[in-house]
Amino acid sequence: MCTTTIHAAPLDALLWADHAAQGTFQAEAGYDVMNGNLDVFSLRANDPRYAGSNVGDYQGQHVRLAYALTDNFALDATTWRRAIHYRSDIEALNSWQLAAQYQFIGDVNSPEHFAVRLSGWGNQADVLSKSTPTQILGRNLNRFTVQSPQDKQLQLDAISTWRLSENFAASGFMGFGKSIVSTGDMSANYTNASGCNYNLAFTVAGTSGVLAAPCVTPNLLITSFTTPQQVLSEFSYTAHYYQLGGMAQWQQSAWILRTGYQFQYLKRDNVDALIRSRGGVSYQTNHVVLLDVARRINPHLSLFMRGQLMSNQFVGEIPFVYNTATASKFGQRYGFATLGVRVDF
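No experiment lies behind these values; they were computed from the predicted model shown.

**Remarks on the environment of S187**
And then number 1: In this structure, S187 sits in strand β11 (residues 186-191).
And then number 2: For S187, a relative accessible area of 32% gives the class partly exposed.
And then number 3: The sequence separation of S187 and F144 amounts to 43 residues, and the corresponding C-alpha distance is 6.0 Å.
And then number 4: Filtering out sequence-adjacent residues up to four positions away, S187 remains in contact with R143, F144, T145, L200 and F202.

**Description of the nonpolar core**
And then number 1: By size, the foremost hydrophobic cluster in this structure holds 33 residues, and its most contacted members are Y58, F314, F320, Y322, Y334 and F336.
And then number 2: When contributions to this core are tallied by element, the ones reaching two or more residues are β3 (73-86), β10 (168-182), β15 (237-252), α2 (271-277), β17 (285-298) and β19 (334-344).
And then number 3: If you tally residues by element for this core, the top one is β15, at 4 residues.
And then number 4: Those residues in contact with Y58 that sit more than four places away from it in its chain are D32, V33, M34, W80, R82, A83, I84, H85, F314, Y334 and F336.
And then number 5: The next biggest cluster of nonpolar side chains, apart from the first, holds 16 residues, and it includes V146, F202, C215 and V231.

**Topic: the pairing of β10**
A regular strand places its side chains so that they alternate between the two faces of the sheet.
And then number 1: Across 14 bridges, the pairing between strand β9 (residues 150-163) and β10 is antiparallel. Paired with L156 across the strands is F176, a residue of β10.
And then number 2: Linking two consecutive strands that pair antiparallel, namely β9 and β10, is a turn of 4 residues.

**Some words on the packing of aromatic side chains**
And then number 1: Overall, the coordinates contain 10 aromatic pairs when judged by the stated rule.
And then number 2: Ring geometry for Y58 and F336: centres 4.8 Å apart, planes at 35°, overall tilted. With Y58 in strand β2 (residues 58-68) and F336 in strand β19, the pair connects residues that are 278 residues apart, well separated along the chain.
And then number 3: Judged by its relative accessible area of 0%, Y58 is buried.
And then number 4: Taking 5.5 Å as the distance between ring centres and 65° as the angle between the ring planes, the aromatic pair formed by Y198 and F225 counts as edge-to-face. Of this pair, Y198 sits in strand β12 (residues 197-203) while F225 sits in strand β14 (residues 224-227); the two residues are 27 residues apart in sequence, bridging distant segments of the chain.
And then number 5: In this structure Y198 comes out as buried when scored by relative accessible area, which is 3%.
And then number 6: Every member of this aromatic cluster is reached through a ring pair, and the members are Y58, F314, Y334 and F336.
And then number 7: In this structure, R82 is placed above the aromatic ring of W80, and the distance from its NZ or CZ to the ring centre is 4.3 Å.
And then number 8: A cation sits over an aromatic face here: R268 above Y322, 3.6 Å from the ring centre.

**A short note on the state of the cysteines**
One way to say it: the disulfide is the covalent bond shared by the sulfur atoms of two cysteines.
And then number 1: Scanning the model with the defined rule gives 1 disulfide in all.
And then number 2: Between the sulfur of C196 and that of C215 lies a disulfide, 1.9 Å long from S to S. A torsion of -75° about the S-S bond marks the disulfide between C196 and C215 as left-handed. Note that C196 is positioned in the loop between β11 and β12 and C215 in the loop between β13 (206-211) and β14, a separation of 19 residues in sequence. Each member of the pair, C196 as well as C215, carries the same accessibility label: buried.

About the thresholds
- Residues numbered from 1 in each chain as written.
- Predicted model: local features only at pLDDT ≥ 70, side-chain atom pairs only at ≥ 80, totals over all residues.
- Heavy atoms only, no water.
- Helix = DSSP H or I, 4+ residues; strand = E, 2+ residues; numbered from the N terminus.
- Buried < 20%, exposed > 50% of the residue type's maximum accessible area, 1.4 Å probe, protein only.
- Contact = heavy atoms within 4.5 Å.
- Core = buried A, V, L, I, M, F, W, Y, C linked by side-chain atoms within 4.5 Å.
- Pairing = 2+ DSSP bridges.
- Phe/Tyr/Trp six-rings, centres within 6.5 Å; stacked < 30°, edge-to-face > 60°.
- Lys NZ or Arg CZ within 6 Å of the ring centre and 35° of its normal.
- Disulfide = S-S within 2.5 Å.

See below:
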């Protein structure tokens, strides 16, 4: 029976309590992609707004490393580079995770295993820009820019694995975590009812606007203004989340098939209540299904193909992209494919 690496978000659906023997090093490198040619479930083709466009195109590259310090204790680390397309905008972000897992029950010969995993993980971008209209505080903004958005999570999971036969094993897990979402400076361009353009700045004190270019109107021209309305608290917030799920693994000769499921529920301070108070729909759950097929080429090298399907796009996986301005986009399903290689020594 093959032993697999431990996993931290965003691949929690494949959590596994058993791990390799002391001194074992495991690595995984993969390329992630979604586009119109790979939209096998027609998730975008059936969307009247985005069918035929590049909206939702996705590329990513990741490297995962794991090392077993003892027969019971292992460390895991991942770095991930992602790019998501939205019409003329390409949003680039980096993801990371560090995890430590300790196995309290079981060894390489045991049918039952129990482990606890502590992980820290997060996402960050230098800047996010949206050049299509965005509505914030009742204004339709022409362009909206957020500097240094990021999220950081601390998570604890309990995992059990059962080897039911020589070829089949199953795992179950449950856990909870805390998420902190923050941003840097925020700015936008806004055209008022008289057709004058203003550059807006959002601070903890409120919202200020300065005339962006000369403007002649029949009305009294306002060159600058300040309001107490502020949006930073709608983009920077704290959340708590809970999750559970399981994974099944089947192995026959050189082939390994894994399928996993994860359910996550999030409670965000302030943000979801604001969305509902304005007549919107908040999305606090996500269902994730993973399918991973691997073919062992030799004792140290395997090739794999993985598919990931989410009921609510990246809810809970990239927390900083969810806020009062973007929440309406998260009612859609989304998925992507990964091709990669695994090595172990």
